[in-house]
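Listed here are the chains, written in short residue letters.
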Amino acid sequence: MASTIENFYKKTTTAGMKEWPRDAVLYQPYEEEQILLAENASCLAVRTYLKMLNLPVALEQRANAEFISPGGKRTKLPVLRVENFIYAEFEHISAFVLENFDKSLHTLLSAENKDVMRSFICLAEHIFTNAEQYVSWIDPEIRDTVTKKRNGCVFPFPLNYVQNWRKEGAVRRQLNLADHLNISLEKMIAEVDKLCQNLSDLLGDKQYFFGNNPTELDALVFGHLYSIFTMKLPNNVLALTIHKYSNLNQFCLNIDQTYFTAKEKGKGMK
């Protein structure tokens, strides 16, 4: 059903939508008590991307944000509503903005750098999201002390148990399809470490990955790194792994100070 709805929105054209509407809304779960690591990363990446394009949206936190979504490959979040159109996740939202409003962050890049950017976006989405979901749902300590409590907190008993069972099953299926369900935590961390090394090499001493102007890659990587750094988890091995790359730390600090205020990030993002 979700894929049918998604296909409907993809096939529907938005002829005549030349200006970004003032009533655009971005839906996400509650930051302080509900949102999970991978969802937080995806939502923050989209919020950062829209800010970099100077496209204003009203942020609405809802307990049922996931169920508003028309579908997606990974988290199904956040959900962007522009007039009568609904899109979810970074890839679909950025494609929608480009196709219908002719706005992007990579217009100044060379053809070669555009290919590099797209490759890193695919890698970052794949590796970071798998790692975030793995530590959230496969690591027993984090799953039982953090993930299940947050995911089920907005549902009454016994629905909270049902929702946790449903969500865990969906994540396990995703990880299994990606051949990451039965790997060790050490191997998962090694993948993240290698990606961060490559990102660190690409960034060098620049402000953004491709110079003085941000691209979609900057928004996406910031969403993941900042969420990993700031999400309170026991034994946050992902944060420890990323923290050793000083230029990535500074990269996150620069974007945070440039595009966000403490109030905008919310209490859950301290």
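Let me sum up the structure you'll find in this document.

Cut-off values and rules
- Residues numbered from 1 in each chain as written.
- Predicted model: local features only at pLDDT ≥ 70, side-chain atom pairs only at ≥ 80, totals over all residues.
- Heavy atoms only, no water.
- Helix = DSSP H or I, 4+ residues; strand = E, 2+ residues; numbered from the N terminus.
- Rg over C-alpha atoms; globule rule 2.2 N^0.38 Å.
- Buried < 20%, exposed > 50% of the residue type's maximum accessible area, 1.4 Å probe, protein only.
- Contact = heavy atoms within 4.5 Å.
- Areas by Shrake-Rupley, 256 points an atom, 1.4 Å probe, with all protein chains shown as cover.
- Phe/Tyr/Trp six-rings, centres within 6.5 Å; stacked < 30°, edge-to-face > 60°.
- Lys NZ or Arg CZ within 6 Å of the ring centre and 35° of its normal.
- Axes fitted to C-alpha atoms, helices over the stretch in contact; angles between N-to-C directions.
- Parallel < 35°, antiparallel > 145°, perpendicular 65-115°, else oblique.
- Left-handed = near helix turned anticlockwise from the far one by under 90°.
- Nonpolar A, V, L, I, M, F, W, Y, C, P; charged D, E, K, R; others polar.
- Expected span 1.5 Å × (residues − 1).
- Arc of directions from axis to C-beta.
- Pairing = 2+ DSSP bridges.
- Right-handed = clockwise from strand over helix to strand, strands pointing away.

### Observations regarding the overall build of the protein chain
What the protein chain contains, in helices and strands, is 12 helices and four strands. Computed over its C-alpha atoms, the radius of gyration of the protein chain comes to 18 Å, within 12% of the 18 Å expected for a compact globule of 270 residues. If you line up the protein chain on its principal axes, its C-alpha atoms span 45 × 45 × 35 Å. Looking at the 270 residues of the protein chain, the share that counts as buried comes to 54%. Of all intrachain contacts in the protein chain linking residues separated by at least 6 positions in sequence, the fraction that spans at least 24 positions is 76%. Roughly 13200 Å² of accessible area belongs to the protein chain as shown, and the carbon and sulfur atoms make up 52% of that amount.

### A word on the packing of aromatic side chains
If you walk through the whole model with that rule in mind, you get eight aromatic pairs. Look at Tyr-87 and Phe-96: their rings are 4.5 Å apart centre to centre, the planes differ by 25°, and that puts the pair in the stacked class. Residues Tyr-87 and Phe-96 agree in their burial class; the two are buried. Between Phe-96 and Phe-101 the ring centres are 5.8 Å apart and the planes differ by 80°, which places this aromatic pair in the edge-to-face class. Taken together, Trp-20, Tyr-87, Phe-96 and Phe-101 form an aromatic cluster joined through their ring pairs. One residue, Lys-51, lies across the ring of Phe-260, its end atom 5.4 Å from the ring centre.

### Structural notes on the packing of helix α2 (residues 37-52) against helix α4 (residues 90-101)
Relative to each other, α2 and α4 sit at 20°, their axes nearing to 10 Å. With respect to α4, the axis of α2 lies roughly parallel. Pair α2 / α4 crosses with right-handed handedness. Seen from α2, the contacting residues are Ser-42, Ala-45, Val-46 and Tyr-49; seen from α4, they are Phe-90, Ile-93, Ser-94 and Val-97. Here the residues of the contact of α2 with α4 are counted per class, giving six nonpolar, two polar and no charged.

### Some details on helix α7 (residues 159-177)
Two residues of an α-helix separated by three or four positions point the same way, owing to the 3.6 residues in each turn. With 19 residues, α7 ought to run about 27 Å at 1.5 Å a step, and its terminal C-alpha atoms sit 27 Å apart, in line with that. Within α7 the residues assigned to the buried category are Asn-160, Gln-163, Asn-164, Lys-167, Glu-168, Val-171 and Leu-175. What you see down the axis of α7 is that its buried residues fit within an arc of 125°, all on one side. Residues of α7 that are exposed and point more than 90 degrees away from the buried face comprise Trp-165, Arg-173 and Leu-177. Check the buried side of α7 and you find it contacts α2, α3 (65-68), α5 (111-137) and α6 (140-152). One or two residues past the end of α7 sits Asp-179, with phi positive at roughly 60°.

### Comments concerning α2
Helix length check: α2, at 16 residues, gives a terminal C-alpha distance of 22 Å against a target of 22 Å (1.5 Å per residue), a fit within 8%. Backbone geometry just downstream of α2 places Asn-54 in the positive-phi region, at approximately 60°.

### A few points about the pairing of strand β1 (residues 25-28)
By the alternation rule, side chains of β1 split into Val-25 and Tyr-27 and Leu-26 and Gln-28, which are all buried. In terms of strand pairing, β1 meets strand β2 (residues 58-61) through four bridges, oriented parallel. Bridge pairing links Val-25 to Ala-58 in β2. Of the crossover connections in this fold, the one passing from β1 over α2 to the parallel β2 is right-handed. As judged from the three bridges shared by β1 and strand β3 (residues 79-82), these two strands associate in the antiparallel manner. Within the sheet, the bridge partner assigned to Tyr-27 lies in β3 and is Val-79.

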